[in-house]
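So the chains spell out like this:
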Amino acid sequence: MTREEIIEKGQVVYKKPTLLNDTPMHYCPGCSHGVVHKLVSEVIEEMGMTDKTIAISPVGCAVFAYKYIDVDWQEAAHGRAPALASATKRLWPDRLVFTYQGDGDLACIGTAETIHALNRAENITIIFINNAIYGMTGGQMAPTTLLGMKTATCPYGREVSLHGYPLKITEIAATLDGTCYVTRQAVHTVAAINRAKKAIRKAFEYSMQGKGSNLVEIVSTCNSGWKMSPEKANKWMEENMFEFYHLGDLKDTGAVK
Amino acid sequence: MADQEITLMKGNEAIAHAAIRCGCDGYFGYPITPQSEVLETLAEQKPWETTGMVVLQAESEVSSINMVYGGACTGKKVMTSSSSPGVSLMQEGISYMAGAELPALIVNVMRGGPGLGTIQPSQSDYFQACKGGGHGDYHLIVLAPASVQEMADFVDLAFTLAFRYRNPAMILADGAIGQMMEKVVLPPFKPRRTEEEIIKECPWATTGRIGGRKPNIITSLELRSEEMEVINLRIQAKYREIEAKEVRYEEFMLDDAEYAIVAFGSAARIAKKSIEIARSQGIKVGLLRPITLWPFPTEEVKALAGRVKGILSLEINAGQMVEDIRLAVEGKVPVRHFGRLGGIIPDPDEVVEVLKSSF
Amino acid sequence: MTEEIIIAGFGGQGVLSMGKILAYAGLMEGKEVTWMPAYGPEQRGGTANVTVIVSDDPVSSPILSSYDTAIVLNQPSLEKFEPKVKPGGVIIYDGYGINEPPTRKDIDIYRIDAMDAAAEMNLIKTFNMIVLGGLLKIHPVVGIESVLAALRKTLPERHHHLIPKNEEAIRKGMEIIRKL
């Protein structure tokens, strides 16, 4: 029996977005990337932009995002995705252009590209996965690693005297005149997922309406890097990450214009 | 006939005008002496109001080259320009573009190094341009203009070659060619390609899945070594084809020459003056000027070895192209190098003295 | 005919633009020309110089070892370029900027008090055109009509009303240049 035969018409209450293909994801069980990939795919589909989307993947855990979501992809050098996106959007203004980046890519090696693309009011969206650790390279300190948090390169916990403070780049982005919509979301509960999806949709729509640049941060877990079960990681995130990285919209000038 | 007007302009300005005229879609750059007139001229010309060309001053050379990378991914004709220290910063992006097999134009108006160096002319980025420059096994197609006219002409040529082979191309000029003014006839206007033409000509480009085609993915990443070797071998086969088909050079007074100077760019101009002086003193010397530095005219230099008693490699550097000349002649004839460093340009008289004392 | 000229002085004296007008005038007469500046920090108050070559034949090197004519507008430039004038060549210098005049016997030496004349005429900005006039008097590399045409071509429209003043300056230069 095929899947179609099993599922009767009219009985479908939930399905995988068509843009999300069947390639098995390399993400660890419990990782937030899979959920965010699904949300991005759903929004593109729902906006009818499947044939007009150009996405930019980073270096980091999401480097292979292009294998999972069936749109056109450009794989950038580490940190440079916003530069690729800037040129791509200016050269193809009617396309939906977004980058998908992690904390190391966006807030460390690519800080200049991030800040300047946002401040030039490039009509793009940056999806920012912040799990406070370098996942792909094996759990080293990120610019967003919390004070006291242990990683492979701060094994005794992040200390101000040794490593400085965690960077709230989303707060910085909200101060830039070029940004239209800056928000911080999470995907650890159904309610949070619904809010995150609305945020992504809003950001994509603003970018297509030419309202400026948009940043959607998703505070995420890294159960492998954090060395916790998915469930425990979610709890730890709620208790520690949200204390420092407050959820909610930081800026929304799109609606009034 | 307005297109055929002879005008006087700097090499850097000629690059900008030629870019607009050859249907370039986008320029992304960052100011650095001695090439800033490229971006300045584009900003003054406002091509976004005429041809629709995008012109953007980036926040760094790193960003510029990655904007070029992004633009090239979409099949558009995109370029950047810089000078030596800026081009060093671009090497990562250039390597990615070579790996992802993307057509684009990079202009390097060289200045003296190493480091921050000087702002005066130099040819000391020959190795960087011709031997890869960034990481990995790759080559750029490298064109060396020797006049303002060639600055104008090589823009379209570089784009043509870049798209023919899906490989980044470089115009390797220097501060002298960039800053001097000469007569130039700008190339005729060619319209920018329409989106339909781009989608047809570049079926690999990330233009969006128009018509519901399969997704296009541009990447230089392949973690499976066996696959990565296959990709490398394919790229290497492309390089062999370029070497076989795209060598360009100029010969000057070589017919009866007993000695040959090999020089490119502004050094070749100095060489011509030196040859005039030397011939007036009875020294039969000629010039072979590589126009493509990669692919290098290896066969032509090799053939010289059977015709002349000695070869002088005149470069405004400490001796870089001389290595390719020596490889080509296989020890059959003495090869000497002469160059000045740090932004000093050799003058024609001293080249003649070197010729006399070298052989 | 090939005329190889170096023009040297302080940044701000109009050295580069004088060279540009000369090159442009050559272009308008169908000649081959190159204009090669020593660019860089010199533009911001130090010494500035430009090599201009006007020729009936294609120009080989834009960078030269020696010159047919050196126009020097300050002492450091004179010291640098006097030895580089070809035997039988010409030096033109402005009396205001030079304390120790050239001494070579195998070249023709001309003095032009262009700075004084520009001040007298209350046309300081045409200083370089007075000097150019002096050059054209002793070496008609290009015709004065071509220079005026070059000015029309290179000056923005809003400055075209200044062309008669420039012509006046060129004619003044032709008048006041004198051989030593």
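Please read these numbers as outputs of a predicted model, since none were measured by experiment.

Here's the deal with the overall build of chain B
On a plain count of helices and strands, chain B comes out with 14 helices and 15 strands. Here chain B has a C-alpha radius of gyration of 21 Å; the compact-globule value for 359 residues is 21 Å, and the two agree. In terms of overall dimensions, chain B has a C-alpha envelope of 70 × 50 × 40 Å along the principal axes. Going through the 359 residues of chain B one by one, you find that 57% of them count as buried. Considering only contacts within chain B whose residues lie at least 6 apart along the sequence, 78% involve residues at least 24 apart.

Structural notes on the overall build of chain A
When its secondary structure is counted, chain A shows ten helices and nine strands. Here the C-alpha radius of gyration of chain A, 18 Å, is about what a compact globule of 257 residues would show, namely 18 Å. Dimensions of chain A, computed from the C-alpha atoms along their principal axes, are close to 60 × 45 × 35 Å. In chain A, which comprises 257 residues, the proportion classed as buried is 51%. When contacts within chain A are restricted to residue pairs at least 6 apart in sequence, long-range pairs at least 24 apart make up 68% of them.

Concerning the interface of chain C and chain B
One frequently used descriptor of interface size is the decrease in accessible area upon assembly of the parts. The partner chain B presents 21 residues to the 18 residues of chain C that form the contact. When contributions to the side of chain C that touches chain B are tallied by element, the ones reaching two or more residues are helix 1 (15-28) and strand 2 (32-38) of chain C. Here the side of chain C that touches chain B takes six residues from strand 2 of chain C, the largest share from any one element. Residues of the side of chain C that touches chain B, tallied by class, amount to eleven nonpolar, five polar and two charged. Pairing analysis gives two bridges linking strand 8 (residues 181-185) of chain B to strand 2 of chain C, with the strands arranged antiparallel. Following the sheet pairing, Met181(B) is matched in strand 2 of chain C by Trp35(C).

Concerning the arrangement of the chains
The top pair by number of contacts, from a total of two pairs of chains in contact, is chains A and B. Over all C-alpha pairs, chain A and chain C never come within contact, reaching a minimum spacing of 29 Å.

Quick notes on the sheet that holds strand 7 (residues 178-179) of chain C
The strand order across the open sheet built from nine strands is 1(B)-8(B)-2(C)-3(C)-1(C)-4(C)-5(C)-6(C)-7(C), with neighbouring strands paired in mixed fashion. With partners counted over all chains shown, the strands left at the sheet margins are strand 1 (6-10) of chain B together with strand 7 of chain C, one partner each. Judged from the two bridges that link them, strand 6 (residues 108-112) of chain C and strand 7 of chain C form a sheet pairing that is antiparallel. Following the sheet pairing, Arg111(C) is matched in strand 7 of chain C by Arg178(C).

Here we look at the packing of helix 2 (residues 33-46) of chain A against helix 8 (residues 190-208) of chain A
Between two packed helices, both the angle of their axes relative to each other and the distance between the axes serve to describe the pair. All names here are of chain A. One way to put it is that helix 2 packs onto helix 8 with a least axis distance of 9 Å and a crossing angle of 45°. Considering the angle they form, helix 2 stands oblique to helix 8. The interaxial crossing formed by helix 2 with helix 8 has right-handed handedness. Judged by residue contacts, Val-35, Leu-39, Val-40, Glu-42 and Val-43 of helix 2 engage Ile-193, Ala-196, Lys-197, Ile-200, Arg-201 and Phe-204 from helix 8. Across the contact of helix 2 with helix 8, the residue classes break down as eight nonpolar, no polar and three charged.

Some words on the packing of helix 12 (residues 298-305) of chain B against helix 13 (residues 321-329) of chain B
Residue and element names in this part refer to chain B. Contact geometry for helix 12 and helix 13: axes closest at 8 Å, N-to-C directions at 65°. Between helix 12 and helix 13 lies a crossing of right-handed hand. On helix 13, the residues that touch Thr-298, Val-301, Lys-302 and Ala-305 of helix 12 are Ile-325, Ala-328 and Val-329. Partitioned by chemical class, the residues of the contact of helix 12 with helix 13 number five nonpolar, one polar and one charged.

Section: the nonpolar core
Judged by nonpolar contacts, the single largest core of 247 residues is most densely connected at Leu105(B), Val142(B), Leu143(B) and Ala158(B). Apart from the residues within four sequence positions on either side, Val142(B) is in contact with Ala129(B), Cys130(B), Met170(B), Leu172(B), Thr292(B), Leu293(B) and Trp294(B).

Re the environment of His161(C)
By the element assignment, His161(C) lies in the loop between helix 5 (144-154) and helix 6 (163-176). Measuring from C-alpha to C-alpha, the distance between His161(C) and Leu136(C) comes to 23 Å, with 25 residues separating the pair along the chain.

Considering the interface of chain A and chain B
At the junction of the two partners, chain A supplies 29 residues and chain B supplies 32 residues. Mapped by element, the contributors of at least two residues to the side of chain A that touches chain B are strand 1 (53-57), strand 2 (72-75), helix 3 (81-91) and helix 5 (111-119) of chain A. Tallying contributions element by element places helix 3 of chain A first for the side of chain A that touches chain B, with eight residues. Taken together, the residues of the side of chain A that touches chain B sort by class into 14 nonpolar, six polar and nine charged. Here strand 2 of chain A runs beside strand 9 (residues 217-218) of chain B; their pairing, made up of two bridges, is parallel. Of the residues in strand 9 of chain B, the one forming a bridge with Trp73(A) is Ile217(B).

Considering the domain arrangement of chain B
All names here are of chain B. Here the domain parsing of chain B yields domain 1 (6-195) and domain 2 (250-358). Taking the mean C-alpha position of each, domain 1 and domain 2 sit 27 Å from one another. Taken together, the contact between domain 1 and domain 2 spans 25 residues of the former and 21 residues of the latter. For the side of domain 1 that touches domain 2, the elements supplying multiple residues, two or more each, are helix 6 (126-130), strand 6 (141-143), strand 7 (168-174) and helix 8 (175-179). Counting residues per element, the side of domain 1 that touches domain 2 draws most heavily on helix 6, which supplies four residues.

Observations regarding helix 2 (residues 37-45) of chain B
Residues and elements named next belong to chain B. When we look at burial in helix 2, the residues that qualify are Glu-37, Val-38, Leu-39, Thr-41 and Leu-42. Against strand 1, helix 1 (11-21), strand 2 (26-29), strand 3 (54-57), strand 4 (78-82) and strand 5 (104-110) lie the buried residues of helix 2. Positive phi appears at Lys-46, one or two residues downstream of helix 2, with a value of about 50°.

Some thoughts on unusual backbone geometry
Omega for the bond connecting Thr33(B) with Pro34(B) falls within 30 degrees of zero, at 5°, which places this linkage in the cis form. Position of Pro34(B) among the secondary structure elements: in the loop between strand 2 and helix 2. Cis peptide bonds are those with omega within 30 degrees of zero, and the linkage from Trp294(B) to Pro295(B) qualifies with 0°. Positionally, Pro295(B) belongs in the loop between strand 13 (292-294) and helix 12. A positive phi angle, near 60°, is found at Lys227(A), a position not held by glycine. With respect to the helices and strands, the residue Lys227(A) is situated in the loop between helix 9 (223-226) and helix 10 (230-244). Within the chain, Asn122(C) stands out as a residue other than glycine whose phi angle is a positive 60°. Looking at the secondary structure, you find Asn122(C) in the loop between helix 3 (114-120) and helix 4 (127-138). Given 7 C-beta atoms within 10 Å, Asn122(C) falls into the exposed group.

Remarks on the pairing of strand 5 of chain B
A regular strand places its side chains on the two faces of the sheet in alternate fashion. Residue and element names in this part refer to chain B. Judged by how many residues are buried, strand 5 sits mostly within the fold: seven of seven residues are covered. Going residue by residue along strand 5, you find Ala-104, Ile-106, Asn-108 and Met-110 tucked away on one face and Leu-105, Val-107 and Val-109 tucked away on the opposite face as well. With seven bridges connecting them, strand 5 and strand 7 associate as parallel partners. Residue pairing in the sheet places Met-110 in a bridge with Asp-174 of strand 7.

Parameters at a glance
- The residue numbering used here restarts from 1 in each chain and proceeds along that chain's sequence as written.
- Here every chain gets a letter starting at A, and every ligand a number starting at 1, in the order they are written.
- Where totals are concerned, whole chains, interfaces and linings use all residues; where local detail is concerned, this predicted model gives features only for residues with pLDDT of at least 70, and gives and counts side-chain atom pairs only at 80 or more.
- For the purposes of this entry, the term helix denotes a DSSP run of H or I that reaches at least four residues, the term strand denotes a run of E that reaches at least two, and both are numbered from the N terminus.
- Every radius of gyration here is taken over C-alpha atoms, with the globule rule written as 2.2 Å times N^0.38, N being the number of residues.
- Burial is judged by counting other C-beta atoms within 10 Å of a residue's own C-beta: 20 or more means buried, 12 or fewer means exposed, and anything between counts as partly exposed, with every C-beta placed from the backbone.
- By the convention adopted here, residues are in contact when the distance between their C-beta atoms, placed from the backbone, does not exceed 7 Å.
- Just so you know the grouping, Ala, Val, Leu, Ile, Met, Phe, Trp, Tyr, Cys and Pro go in nonpolar, Asp, Glu, Lys and Arg go in charged, and all remaining residues, Gly too, go in polar.
- Pairing between strands requires that DSSP locate at least two bridges from one strand to the other.
- Between N-to-C directions, angles span 0 to 180 degrees; the directions come from axes that are lines fitted to C-alpha atoms, helices contributing only their stretch in contact.
- Note on terminology: angles under 35 degrees are roughly parallel, angles over 145 are roughly antiparallel, angles of 65 to 115 are roughly perpendicular, and the others are oblique.
- Helix crossings fall into two classes, left-handed where the near helix is turned counterclockwise from the far one by less than a right angle and right-handed where it is turned clockwise.
- Definition of nonpolar core: a set of buried Ala, Val, Leu, Ile, Met, Phe, Trp, Tyr and Cys residues joined via C-beta atoms within 7 Å.
- Each domain's limits were defined by an automated method or a database of domain assignments.

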